[in-house]
Amino acid sequence: MYVIGNVTLYLGLILSVYALFAFLFGAFKKNEKWINSGKNGVLAIFLLTTIAMAILLVALATSQFKFKYVSNYTNLHLPLIYKLCALWAGNAGSLLLWTFFLTLYTVLITFSRKMKGNKLMPYIASILLGNTLFFYFVMAGVANPFELNEVSPIDGNGLNPMLQHPGMILHPLTLYLGYVGLAVPFAFAISALILKTVDSSWIRMTRRWTLIAWLFLTLGNVIGGRWAYMELGWGGYWAWDPVENASFMPWLTTTAFLHSVMIQERKQMLKVWNVSLIIISYALTLFGTFLVRSGILTSVHSFTNSNLGLYFLIFMAIAILFALYMLMSRFHLLKRDSGQFESFLSKESSFLVNNLILVGAAFAVFWGTIFPLVSEAVNGVKVKVGIPYFNSVMSPLLLALLFIMAICPLIAWQKSSKKNLQRNFLLPSALSTTVAFLLLALGIRQAYPVIAFAIISFMILTHLLEIYRGVKARHSVTNETYPLAFIKLLTKNRRRYGGYIVHIGIAFIAIGIVGSQNFQVETMKTMAIGESIEIEDYKITYDDLGLKQEGMNDVIFAVLTIKKDGKNLGKVMPEKIFYSNWEEPSTEVGLLSRWDEDLYTVISSWEQDRRATFVFRINPLVKWIWFGSFIVVIGTIFALFGRSSKEIVPKYFNSRQVV
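Calculation notes
Residues numbered from 1 in each chain as written. Predicted model: local features only at pLDDT ≥ 70, side-chain atom pairs only at ≥ 80, totals over all residues. Heavy atoms only, no water. Helix = DSSP H or I, 4+ residues; strand = E, 2+ residues; numbered from the N terminus. Contact = heavy atoms within 4.5 Å. Areas by Shrake-Rupley, 256 points an atom, 1.4 Å probe, with all protein chains shown as cover. Lys, Arg positive; Asp, Glu negative; His and termini not counted. Charge placed at Lys NZ, Arg CZ, Asp CG, Glu CD. Salt bridge = Lys/Arg side-chain N within 4 Å of Asp/Glu carboxyl O. Buried < 20%, exposed > 50% of the residue type's maximum accessible area, 1.4 Å probe, protein only. Axes fitted to C-alpha atoms, helices over the stretch in contact; angles between N-to-C directions. Left-handed = near helix turned anticlockwise from the far one by under 90°. Nonpolar A, V, L, I, M, F, W, Y, C, P; charged D, E, K, R; others polar. Parallel < 35°, antiparallel > 145°, perpendicular 65-115°, else oblique. Polar contact = N/O pair within 3.5 Å; in protein donor to acceptor, adjacent residues only side chain to side chain. Phe/Tyr/Trp six-rings, centres within 6.5 Å; stacked < 30°, edge-to-face > 60°. Lys NZ or Arg CZ within 6 Å of the ring centre and 35° of its normal. Pairing = 2+ DSSP bridges. pLDDT = per-residue confidence, 0-100.

Asks: Where do I start with the overall build of the chain in this structure?
Replies: If you tally the helices and strands in the chain, you get 20 helices and ten strands. Once the C-alpha set of the chain is aligned to its principal axes, its extents read approximately 85 × 80 × 60 Å. Put simply, of all contacts in the chain between residues at least 6 apart along the chain, 72% involve residues at least 24 apart. Accessible area of the chain: about 29000 Å², with a carbon and sulfur share of 64%. Side-chain charges of the chain comprise 56 positive and 35 negative groups, with the mean position of each set lying 19 Å from the other.

Structure below.
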């Protein structure tokens, strides 16, 4: 296994160089045989990566501790599912997984029926192969997943307890699929610049790839938030940790791109802006991998003892400089025949403002993330930027974004008239104002949540009103029943109405964020068995403290009975889990989740007389975050399966030359 594993790495490195050369030479000479040879090389690289993945998975599953990676991240008593998940627990394994996804994307593109004879394909494959070559170089020379121990240990170190959670199964996978997926539109964009194809054809071809990457980034961030909420015991779902920020920033810029490309497709505007957004999004994925593997910033998510930071920094610099050179050298072509904004009160302008807010938010997060490095370079002291900075900056940006999302569907292209604005916004404005007054009547005096909930209601109402008007218009024209008209309306324009579903999901997420950030209640109390505490409308009784064993782990658990307004809601059991191979215990919260609020309980400490100290938190509306995320995913999938764009990209080869 050791020999085969290493052979796959070195052969993969050699074939990456060969396939890259074959594609470029074939494209330059317009030689079909070399192009096909490059495609065969891509397939061989993917097969080698798959074999390497299979070997490492088998080694992890069967506890072959002769491999350093296996002994570092597993042990004999680790459940099988987490042994397999250890593949992405460390540097070498996660790099192999990244390479697998990258070669998978490359195979799907190069062998796509729509890419047959496409003059962009050799360049797209070459750019993706450049990424693959870098990862194989790093694995072969610096972070070899098949490195052997000098002496094979009897047992391994085991997996960090914080990683022994169901979130470990999906969170890294979805994030990596999103990160790697953004290399695809980047490759399309740079290839189009190389060939001076500056129309919208590359955007139409790559829209689904970008949307898939965005979907996986969304899933990765949401699953990570849920994991943090359940595992760490701190009561939150987003801590603005540097590595969390690294996955959030490309999500913001990709979101901006998905909106702005609609302007280019319709009006031939923002060509430079769109290419820039793709370059920035791709660069931010490299920046994220650099943060995780460099150790320059403290994070619970980063890999320790890593010496890969410099390699990623060099690769990131080369990729960005090359992309910027291509952008600047084609700048005059991108600016030629570009459309112009005709009115500030237009859909185009609202999309542009949406983009500026999203990019501004990404920059604010980026600045807060790197500020410790800047402060250390300037003053010699690493000043950490905390949660208050991010919340204070992002809160008004969230409101501005929601407001733009609310008005955008009802604004006309080119120019909106005063009459149009009055007709479209009178009812939603009146209803959202009513919501604000109702909140004030209920005793809410904080300005931010009142304004936020009014804007969110305004946003939801404008989207529902737009859907209602579309259904009504279709019904009047076709005489279809309203349910049938509704279904036909949505399925005939999946891209548009899938976007509306996503927007409504974002509104639900915003409800959860605003509620949980502004109305959280927290208390700590040391209690004896049988004692009760009242917090808001809850009565919590401490029933018992026990010890149990789960495999090799000792678990301290408390039993709490929960009542609200005199009604018994059941029991929760917060836990502390002690691992035989780890000093610090992990926390499992006791959670009672409802649509209006979560009761979040943590056992902090205990005494021999069985008195225990608990932290109780009431987190309002958190469930809306997870529900809204589900709606976002549904809307994205709905939009993905719309009618595909027609292939309009010129071909290199004639029909006899294309295979």
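What follows continues from the structure just given.
Asks: Even after reading the chapter, I still don't get the pattern of salt bridges, so can you show me in this structure?
Replies: Under the counting rule described, the total for this entry stands at 15 salt bridges. The salt bridge partner of Lys-564 is Glu-597, with a shortest N-O separation of 2.8 Å. Of this pair, Lys-564 sits in strand S4 (residues 553–564) while Glu-597 sits in strand S9 (residues 597–606), and the two are 33 residues apart along the sequence. Each of the two residues, Lys-564 as well as Glu-597, counts as buried. A salt bridge links Asp-609 to Arg-611; the shortest N-O distance between them is 2.9 Å. You can call Asp-609 partly exposed: its relative accessible area is 48%.

Asks: What's the story with unusual backbone geometry in this structure? I'm lost.
Replies: Located in the positive-phi region is Ser-63, a residue other than glycine, with phi close to 55°. One can find Ser-63 in the loop between helix H2 (32–61) and helix H3 (68–73). With a relative accessible area of 13%, Ser-63 lands in the buried category. For Glu-536, which is not glycine, the phi dihedral falls at a positive 55°. Note on placement: Glu-536 falls in the loop between strand S2 (532–535) and strand S3 (538–550). Classification of Glu-536 by relative accessible area gives exposed; the value is 56%.

Asks: Quick question: what am I supposed to make of the packing of helix H10 (residues 242–267) against helix H19 (residues 494–518) here?
Replies: A pair of packed helices is captured by two measures, namely the crossing angle of their axes and the spacing between those axes. Where H10 meets H19, the closest approach of the two axes is 14 Å, and the angle between their N-to-C directions is 150°. For the pair H10 and H19, the sense of crossing is left-handed. Contact with H10, carried on its side by Trp-251, His-259, Val-261, Met-262 and Glu-265, involves Arg-495, His-503 and Ile-506 of H19 and no other residues of that element. Looking at the contact of H10 with H19 residue by residue, the classes come out as four nonpolar, two polar and two charged.

Asks: Hey, could you run me through the packing of helix H5 (residues 91–110) against helix H6 (residues 121–141) in this one?
Replies: Running from N to C, H5 and H6 point in directions that differ by 165°, and their axes come no closer than 10 Å. The angle between H5 and H6 places the two elements in the roughly antiparallel class. The element H5 and its partner H6 pack so that their crossing is left-handed. Only Met-121, Ile-124, Ala-125, Leu-128, Asn-131, Thr-132, Phe-135, Tyr-136, Val-138 and Met-139 of H6 make contact with H5, whose side of the interface consists of Ala-92, Leu-95, Leu-96, Trp-98, Thr-99, Leu-102, Thr-103, Thr-106, Ile-109 and Thr-110. Split into classes, the residues belonging to the contact of H5 with H6 amount to 14 nonpolar, six polar and no charged.

Asks: I'm lost on the environment of Thr-434 in this one. Help?
Replies: Counting through the fold element by element, Thr-434 comes out in helix H16 (residues 418–441). Residue classification places Thr-434 among the partly exposed residues on the basis of a relative accessible area of 40%. Taking the C-alpha atoms as reference points, Thr-434 and Gly-546, 112 residues apart in sequence, are found 51 Å from one another. Of note is the side chain of Thr-434, whose polar atom sits 2.8 Å from the backbone oxygen of Ala-430.

Asks: Where do I start with the side chain of Asn-6 in this structure?
Replies: Checked against the element boundaries, Asn-6 lands in helix H1 (residues 2–29). Among the polar contacts listed, one links the side chain of Asn-6 to the side chain of Asn-144, at a separation of 2.7 Å.

Asks: Would you mind going over the packing of aromatic side chains with me for this structure?
Replies: To describe a pair of aromatic rings, you give the distance between the ring centres and the angle between the ring planes. In the structure shown here, the tally under the stated rule is 42 aromatic pairs. Centre to centre, the rings of Trp-240 and Phe-248 are 6.0 Å apart; their planes meet at 65°, and the pair counts as edge-to-face. Per residue, the accessibility class of Trp-240 equals that of Phe-248, and both read buried. Centroid distance Phe-578 to Trp-606: 6.1 Å. Interplanar angle 90°. Geometry classified as edge-to-face. Here Trp-606 lies in strand S9 and Phe-578 lies in strand S6 (residues 575–578), a separation of 28 residues in the sequence. Of the residues examined, Trp-606 reaches a relative accessible area of 28% and is grouped as partly exposed. Over the ring of Phe-557 we find Lys-548, and its NZ or CZ is 5.4 Å from the ring centre. The lysine or arginine in question, Lys-623, covers the ring of Trp-595, its NZ or CZ lying 5.1 Å from the ring centre.

Asks: Sorry if this is basic, but what is going on with the sheet that holds S9 here?
Replies: The strands that make up a sheet pair up through hydrogen bonds in the backbone, lying either parallel or antiparallel. The strand order across the open sheet formed by four strands is S1-S10-S9-S8, and the pairing between neighbours is antiparallel. Here the strands that pair on one side only, and so sit at the sheet edges, are strand S1 (521–527) and strand S8 (590–593). Adjacent strand axes in the sheet meet at a mean angle of 15°, parallel and antiparallel pairs treated alike. By the bridge criterion, four bridges tie S8 to S9 in an arrangement that is antiparallel. The partner of Gly-590 across the bridge, within S9, is Thr-601.

Asks: Any chance you could explain the confidence of the model for the chain here in plain terms?
Replies: Detailed reading of the predicted coordinates is not advisable wherever pLDDT is low. The predicted model of the chain has a mean per-residue pLDDT of 88, with 93% of residues at 70 or higher. Model confidence for the chain, summarised as mean pLDDT per element, is weakest for H16 at 83 and strongest for H2 at 96. The low-confidence segment residues 644–659 (pLDDT under 50) makes 39 contacts with residues lying over four places distant or belonging to another chain.

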